[in-house]
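Residues per chain are reported as follows:
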Amino acid sequence: MPVIEPATGVSTDVDLYQPQSLVSIQTPDWSKDAVIYEINLRQFTKEGTFRAAEAHLPRLKQLGVSILWLMPIHPIGNKNRKGSLGSPYAVRDYFSLNPEFGCVEDMRHFVDYAHELGLYVIIDWVANHSAWDNVLVEQHPHWYAKNHQGDFTPTPWWDWDDIIDFDYSQPDLRAYMASAMRYWVNETDIDGYRCDVAGFVPQDFWALVRRQLDAIKPVFMLAEWEARDLHYNAFDMSYAWSWNEAMHGIAMGKLPLSKLYKYYSWNEKSFPKASMRMTFVSNHDKNAWDGTQFEQFGDALECAIVLSVLGEGMPLIYNGQEAGNPKRLAFFERDPIDWRGHRIGDLYTDLIALKKAHSALHNGQWGARMIPVTNSHPDKVFSFMRQDKACKVIVMLNLSGEQIPLSLTSSAVFGPVEDWHTGERIELTNKCEFNLAPWQWLVFTA
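Described in the following lines is the structure provided in the data block. All values reported here derive from a predicted model rather than from experimental measurement. (Residues numbered from 1 in each chain as written. Predicted model: local features only at pLDDT ≥ 70, side-chain atom pairs only at ≥ 80, totals over all residues. Heavy atoms only, no water.)

Notes on the sheet that holds strand β10 (residues 237–239)
The strand order around the closed barrel built from eight strands is β3-β4-β5-β8-β9-β10-β11-β12, with neighbouring strands paired in parallel fashion. When the angles between neighbouring strand axes are averaged without regard to direction, this sheet yields 25°. Summarising the sheet, strand β5 (residues 120–125) and strand β8 (residues 192–195) pair through three bridges and their orientation is parallel. Directly across from Asp 124, in β8, lies its bridge partner Arg 194. (Pairing = 2+ DSSP bridges. Helix = DSSP H or I, 4+ residues; strand = E, 2+ residues; numbered from the N terminus. Axes fitted to C-alpha atoms, helices over the stretch in contact; angles between N-to-C directions.)

Some details on the sheet that holds strand β14 (residues 381–387)
Read across the sheet, six strands follow the order β13-β14-β15-β20-β17-β18 without closing on themselves; strand pairing throughout is antiparallel. At either end of the open sheet lies a strand with only one pairing partner, and these are β13 (370–372) and β18 (425–428). Each neighbouring strand pair of the sheet contributes to a mean axis angle of 35°, computed without reference to strand direction. Pairing analysis gives seven bridges linking β14 to strand β15 (residues 392–398), with the strands arranged antiparallel. Counted as the bridge partner of Ser 383 is Met 396 from β15. Against the sheet, helix α13 (residues 301–310) contacts β13, β14, β15 and β20 (441–445), and its axis sits at roughly 155° relative to β15. (Contact = heavy atoms within 4.5 Å.)

Let's talk about the environment of Asn 134
Considering the arrangement of structural elements, one finds Asn 134 in the loop between β6 (129–131) and α5 (135–139). Residues contacting Asn 134, with those up to four places away along its chain left out, are Val 91, Arg 92, Asp 93, Tyr 94 and Tyr 144. Of note is the side chain of Asn 134, whose polar atom sits 3.2 Å from the backbone oxygen of Arg 92. A polar contact is formed between the side chain of Asn 134 and the backbone nitrogen of Leu 136, at a distance of 2.9 Å. (Polar contact = N/O pair within 3.5 Å; in protein donor to acceptor, adjacent residues only side chain to side chain.)

Details of unusual backbone geometry
The phi dihedral of Trp 157 is positive, around 75°, even though this residue is not glycine. Tracing the backbone through its elements, the reader meets Trp 157 in the loop between α5 and β7 (163–165). Although it is not a glycine, Val 197 adopts a positive phi angle of roughly 30°. Assignment of secondary structure puts Val 197 in the loop between β8 and α7 (203–216).

Concerning a nonpolar patch on the surface
A contiguous nonpolar surface patch, about 480 Å² in accessible area, is contributed by Trp 157, Trp 158 and Phe 200. Following the sequence through the fold, Phe 200 ends up in the loop between β8 and α7. Exposure remark for Phe 200: the relative accessible area of 34% places this residue in the partly exposed category. (Patch = residues over 30% accessible without salt bridge, like charges linked within 9 Å, V, L, I, M, F, W, Y side chains within 5 Å. Areas by Shrake-Rupley, 256 points an atom, 1.4 Å probe, with all protein chains shown as cover. Salt bridge = Lys/Arg side-chain N within 4 Å of Asp/Glu carboxyl O. Buried < 20%, exposed > 50% of the residue type's maximum accessible area, 1.4 Å probe, protein only.)

Here we look at the side chain of His 284
With respect to the helices and strands, the residue His 284 is situated in helix α11 (residues 284–290). Engagement of the side chain of His 284 in a polar contact is seen with the side chain of Glu 38, the distance being 2.5 Å. Reaching out from His 284, the side chain makes a polar contact with the side chain of Tyr 89 at a distance of 3.2 Å. Apart from the residues lying within four places of it in its own chain, the contact partners of His 284 are Glu 38, Trp 69, Met 71, Tyr 89, Arg 194, Tyr 318 and Phe 331.

Details of α13
Taking burial as the measure, the ten residues of α13 include nine buried ones, the bulk of the element. Every buried residue of α13 is accounted for by Leu 301, Cys 303, Ala 304, Ile 305, Val 306, Leu 307, Ser 308, Val 309 and Leu 310.

Here's the deal with the pattern of salt bridges
Opposite charge on two side chains allows them to pair when their charged atoms are near. Per the counting criterion, the structure on display carries 24 salt bridges. Between Arg 194 and Asp 196 there is a salt bridge, with the nearest N and O atoms lying 3.0 Å from each other. With a relative accessible area of 0%, Arg 194 lands in the buried category. Where Arg 369 meets Glu 312, a salt bridge forms, and the shortest distance between an N and an O atom there is 2.8 Å. You can see Arg 369 sitting in the loop between α14 (343–357) and β13 and its partner Glu 312 sitting in the loop between α13 and β12 (314–318), a full 57 residues away along the chain. Judged by its relative accessible area of 11%, Glu 312 is buried. Salt bridges here are not isolated pairs; linked through shared partners, they connect Asp 124, Arg 194, Asp 196 and Glu 224.

Have a look at this one:
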């Protein structure tokens, strides 16, 4: 429909200015209320195998998780290896399976059993670099990046001296890597990939691979990166590193609560609504190098977990969190988890059930936006609401070590609600006052 611009008198076709979605991928419906769980097969059981890990799948189903992310499954390089077993991110052969985990038939059996239980499986993919003794080093040395002296080079500025970088200006390398990714989907029926340091690999490669994988089956792709554009044509979910950094800083008393407001503003205004962000209090990197969930969050741990599950984003559970694992798992050696019941596992189970039962808490395009709920102590208490036509959920988190007398000043939340913990029904008004203990959290539903 043409309109006349007042300043110039020129006719303009308004249709040219209709908003266009830049997201061209279709996220699988089964991820709408999913929770992701990371498995470090080396530490997951005493045996460290696929067959042994299968025994845990019914427990993980009961926990409420939907997507199982397996750390790299490939043979590990020997040259410049770290520790006695090496890093799983130093891949020696992209078409082979690490024998410590079992054989390919064992992996197929694991994936099939997961599917029987209604679970989905993605595997870690390391496309940026390989081990020094990867089979490609001798077969195709020109596929690797070189330094100013013409030598193979690890990723610049990091201490990853057990790996060397690929050169993605080589079309044959791209074709090989895409073929390897298609192979594991075809051979083992996995449901997608978690892509290591995804931002170090050109996006046009990821976009092509996504199209090829979706032609086999609908896949789910997780980027270990934090960038909006990755969501346009390649990845369904990206890491919320800055969310974790903000929560950790607040928990340690080193950052103001406003850092969370900054994260959620950035997430809402910059990232596509269809995108998902992975919110986590631990993962293999955080646990191994920075500390356990208890070291990282101290008294704020429960608040961090509640926000990771009920806020926007898909929560991640790293294996052992639900058992209250008290140690940093060794990265280059065997260090099996001591499985036991724990209050953290109970908390995750309850929160995930709440998330799945309330459509407003679903992921990405299926869930509701977080609406800030103003309160009398905005520098201490983080409060928000997520609401759709079916339900609303109100969350209050005292992110301080102080006792806080709190009242809500946002009329949007006023009305009858139920305390999720106690089942007590109350009428929320501006006259309600809550006396929040240090690091206490409350959830109300309607």
